[in-house]
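Tertiary structure, described
Given next are the chains, with one letter for each unit.
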Amino acid sequence: MNIYLPIAEISVNAFTLLGLGGIVGILSGMFGVGGGFLLTPLLFFIGVPPAVAVATGANQIVASSVSGVLAHLRRRTVDLKMGVVLQVGGLMGAACGIAVFNYLKSLGQVDLFVTLCYVVFLGIVGGLMFIESVNALRKSRRGAPPKRKQRGWVHKMPLKTRFRTSQLYISVIPPILVGFLVGILTAVMGVGGGFIMVPAMIYVLGIPTKVVIGTSLFQIITVTGATTMMHAITNQTVDIVLAFLLLVGGVVGAQFGTRLGSYLKAEQLRILLAVIVLAVCGKLGLDLLLEPSELYSITNVARG
Amino acid sequence: MRIIVTLLVSLLLALSTASAQEEVVLGLSQNQVEITTDFDGSEILIFGAVKRESPLPEGEPLHVLVTLSGPSVPAVVRRKGKRFGIWTNVDSVTVDRAPIFYAVATSAPFEEMLTLSNDRRYRVSIERAILSIGAKVAHEQAQDYVEALVRIRENQTKYALLENTVEVDQQTLFRTTIQMPPDLTEGEYTARILLTRGGQVIADHDSSIDVRKVGLERFLFTLSREQPVLYGLLALAIAMVSGWGASAIFRLLRNG
């Protein structure tokens, strides 16, 4: 069954979109990532114009994150206080990120920069997470309890607050900084940023993995919600029909994902996420290195 | 006497021009294409007749050319090249105007129907329908970019040369169907009929086809342009409600 998308102005199969949404939803529920890093390239692949894909992807992620967060809230694995602190940093970062993005756009080559950002960040994050999780899994097999690293500088800062759900007593400055940096990347790369936020929360802030996922989803809602509004107002590229089909698949997928995630060990979850991140990174990297079959591409200039 | 002769000559001239006159009477299966939510492409039937006030002229047979064209807009064509081992856009050309959709249907092989100079004058073939004079002045290799534009759009079935698809009956009745793709953009499309004999255009007629979104498509498109804040909030509200709804349904399913 084909559906004509009013903003993207293309006709696509409705079941393809439901399926895409479902896959991304499962990932979102399992790992606490929005799935934007996967959804956006997949939408390009089925022919959705890039500007529409980025804006609509953000809207879809809002839905699957809400669905995922509610499931996590009932299991009490969301640190609301930490989430709010991260959001404050995230929104400030996103505002700066938009400025950086527009500056790059004026220089041209913004596509290349975004792809390079993806390859570099997905590569680093995926690689580190993979190595760390494999080591942790080996240690836990040998019977030694996994030791959480306590980073000195995180604990020496002022404005200490207790984050009860995360069982942490740290300064609010590091979470704001983490939120800020991720916010910049979010705006530049046009994704929720979960795939950077999750590792940052685990490795830099030392938040337990189980709490990280719910909290990251909670944080993503605000960032992607703001992104959706920004795109709707400035570029008019949010396609409600496209978003609706994706999110119907997505919210169902997120529920399954959350359930699936609770059957796996934290280390196994992280290895799986690392493998997916590395696979996307590899694909984008190859696209840059191999000669494309069509060297030319067309962009219509705004219709008058 | 002299006056009578001149009158007779002018009368004969008038008659001879009248006999050469062949006019197009056009019919279209639809003069409006409505893009609805389940829009899946559209087939336009273009048919008509040749009206003459005199017997069929001798000699070269009559040929019919039908073109269907979408709005023409400027397009940027970018070329990728290898820089520091990475494939990236290295150069671009802005083509002055290119139709977003263009199909040419003919009743015989294109070259036999229309001379090059007439093609230039009436801008019939795909290459001539694209305006690239400015681009050619600004860029040496502009021709490669225009060819790439045609190649890409032909692959997307947005441009097509459909030779021998116009049926001509008794040199009077003609008909053809042109398929419009599912990923159609709205705007005013033009159907054009050219009658040719021996490579010369003897009549030319256009008719417009209005392609527009209707119903839900129209409503959402207009809302997104005129009330972007409301549209954004609507998008967010749908997202939040369906996220919450799915969560509530799943909880009911698990508990019930």
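1. Brief notes about the environment of A99 of chain A
As for its position among the elements, A99 of chain A is in helix α4 (residues 80–107). In this structure, the C-alpha to C-alpha distance between A99 of chain A and G35 of chain A, residues 64 residues apart in sequence, is 24 Å.

2. Comments concerning the interface of chain B and chain A
Each side of the interface is counted separately: chain B has 58 residues, and chain A has 54 residues. Across the interface of chain B and chain A, roughly 4900 Å² is buried in total on both sides, 64% from carbon and sulfur atoms. Looking only at chain B, the three residues that lose the most surface to chain A are W87, Y231 and F250 of chain B, adding up to 13% of its buried area. Inspection of the region where chain B meets chain A yields zero salt bridges. The tally of links between chain B and chain A comes to five residue pairs in polar contact (both at pLDDT 80 or more). Listed by contribution, the elements that provide at least two residues to the side of chain B that touches chain A are β5 (72–83), β6 (86–99), α6 (142–155), α7 (215–226) and α8 (228–255) of chain B. The dominant element in the side of chain B that touches chain A, judged by the number of residues it contributes, is α8 of chain B, at 19 residues. Residue classes in the side of chain B that touches chain A are distributed as 31 nonpolar, eleven polar and 16 charged.

3. Remarks on the pattern of salt bridges
Opposite charge on two side chains permits them to pair, given that their charged atoms come into close proximity. Residue and element names in this part refer to chain B. Per the counting criterion, the structure on display carries two salt bridges over all chains. One salt bridge connects R128 with D119, and the closest N-O pair in it is separated by 3.7 Å. Here R128 falls in the partly exposed class, since its relative accessible area comes to 27%. What makes D119 buried here is its relative accessible area of 5%. The salt bridge partner of E186 is R218, with a shortest N-O separation of 3.1 Å. Remark: R218 occurs in helix α7 and E186 occurs in the loop between β10 (173–180) and β11 (187–197); sequence separation between them is 32 residues.

4. Remarks on the sheet that holds strand β1 (residues 22–28) of chain B
Residues and elements named next belong to chain B. What the four strands build is an open sheet, ordered β1-β3-β10-β9; its pairing is antiparallel. Of all the strands in the sheet, just β1 and β9 (167–169) have a single pairing partner and so form its edges. Ignoring strand direction, the axes of neighbouring strands in this sheet form an average angle of 20 degrees. Relative to β10, strand β3 (residues 42–52) runs antiparallel, the two being bridged by eight bridges. Looking across to β10, one finds that S42 is bridged to M180.

5. A short note on the nonpolar core
Of all hydrophobic cores here, the largest spans 45 residues; its most connected members are F37, M82, Y118, L122, L205 and I207 of chain A. By residue number, the principal contributor to this core is helix α11 (residues 266–289) of chain A, which donates eight residues. When sequence neighbours within four positions are dropped, the list of residues in contact with F37 of chain A reads Y118, L122, V191, F195, I276, V277 and V280 of chain A. Membership of the second largest hydrophobic core comes to 30 residues, among which are Y4 of chain A together with V50, L62 and L68 of chain B.

6. Regarding the side chain of S42 of chain B
All names here are of chain B. With respect to the helices, strands and loops of the structure, S42 is situated in strand β3. What makes S42 buried here is its relative accessible area of 10%. Discounting residues that sit within four places of it in the chain, S42 has contacts with Q30, V33, I178, Q179 and M180.

7. A look at the sheet that holds strand β8 (residues 159–162) of chain B
Residue and element names in this part refer to chain B. Taking strand neighbours across the sheet as the criterion, the six strands line up as β2-β12-β11-β4-β7-β8 in an open arrangement whose pairing is mixed. With one partner strand each, in any of the chains shown, β2 (32–35) and β8 form the two edges of the open sheet. Ignoring which end each strand starts from, the neighbouring axes of this sheet average 15 degrees apart. Pairing analysis gives eleven bridges linking β11 to strand β12 (residues 200–213), with the strands arranged antiparallel.

8. Comments concerning the packing of helix α3 (residues 50–74) of chain A against helix α10 (residues 240–263) of chain A
Residues and elements named next belong to chain A. Look at α3 against α10: their axes get within 8 Å of each other, and the N-to-C directions meet at 30 degrees. Relative to α10, the crossing made by α3 is right-handed. Contacts from V52, T56, N59, Q60, A63, S64, S67, G68, A71 and H72 of α3 reach α10 at L242, A243, L246, L247, G250, V251, A254, Q255 and T258. By residue class, the composition of the contact of α3 with α10 is nine nonpolar, ten polar and no charged.

Definitions and limits used
- The residue numbering used here restarts from 1 in each chain and proceeds along that chain's sequence as written.
- Just so you know, chain letters begin at A and ligand numbers begin at 1, following the order they were written in.
- Confidence filtering applies because this is a predicted model: local features only for residues at pLDDT of at least 70, side-chain atom pairs given and counted only at 80 or more, and all residues used for totals across whole chains, interfaces and linings.
- Each side-chain value is worked out from all heavy atoms of the structure, with water and hydrogens disregarded.
- Numbering of helices and strands runs from the N terminus; a helix is a DSSP stretch of H or I covering at least four residues, while a strand is a stretch of E covering at least two.
- Residues are treated as being in contact if the distance between any of their heavy atoms lies within 4.5 Å.
- Simply put, the buried area is the total loss of 1.4 Å probe accessible area from both parts when two parts are fitted together.
- Throughout this description, the term salt bridge denotes a Lys or Arg side-chain nitrogen within 4 Å of a carboxyl oxygen of Asp or Glu.
- A 3.5 Å cut-off defines polar contacts: any pair of N or O atoms within that distance qualifies, except that in protein one atom must be a possible hydrogen donor and the other a possible acceptor, and neighbouring residues in sequence count only when both atoms are side-chain atoms.
- The classification used treats Ala, Val, Leu, Ile, Met, Phe, Trp, Tyr, Cys and Pro as nonpolar, Asp, Glu, Lys and Arg as charged, and all other residues, Gly among them, as polar.
- The classification of residues rests on relative accessible area computed with a 1.4 Å probe and restricted to protein chains. Under 20% of the type maximum is buried, over 50% is exposed, and intermediate values are partly exposed.
- Any two strands between which DSSP finds at least two bridges are classified as paired.
- Axis lines are fitted to C-alpha atoms, over the contacting stretch for helices. Their N-to-C directions set the angle, which ranges from 0 to 180 degrees.
- Among buried residues, those of type Ala, Val, Leu, Ile, Met, Phe, Trp, Tyr and Cys that are joined through side-chain atoms within 4.5 Å constitute a nonpolar core.
- Handedness of a helix crossing follows the sense of rotation of the near helix relative to the far helix, less than a right angle counterclockwise being left-handed and clockwise being right-handed.

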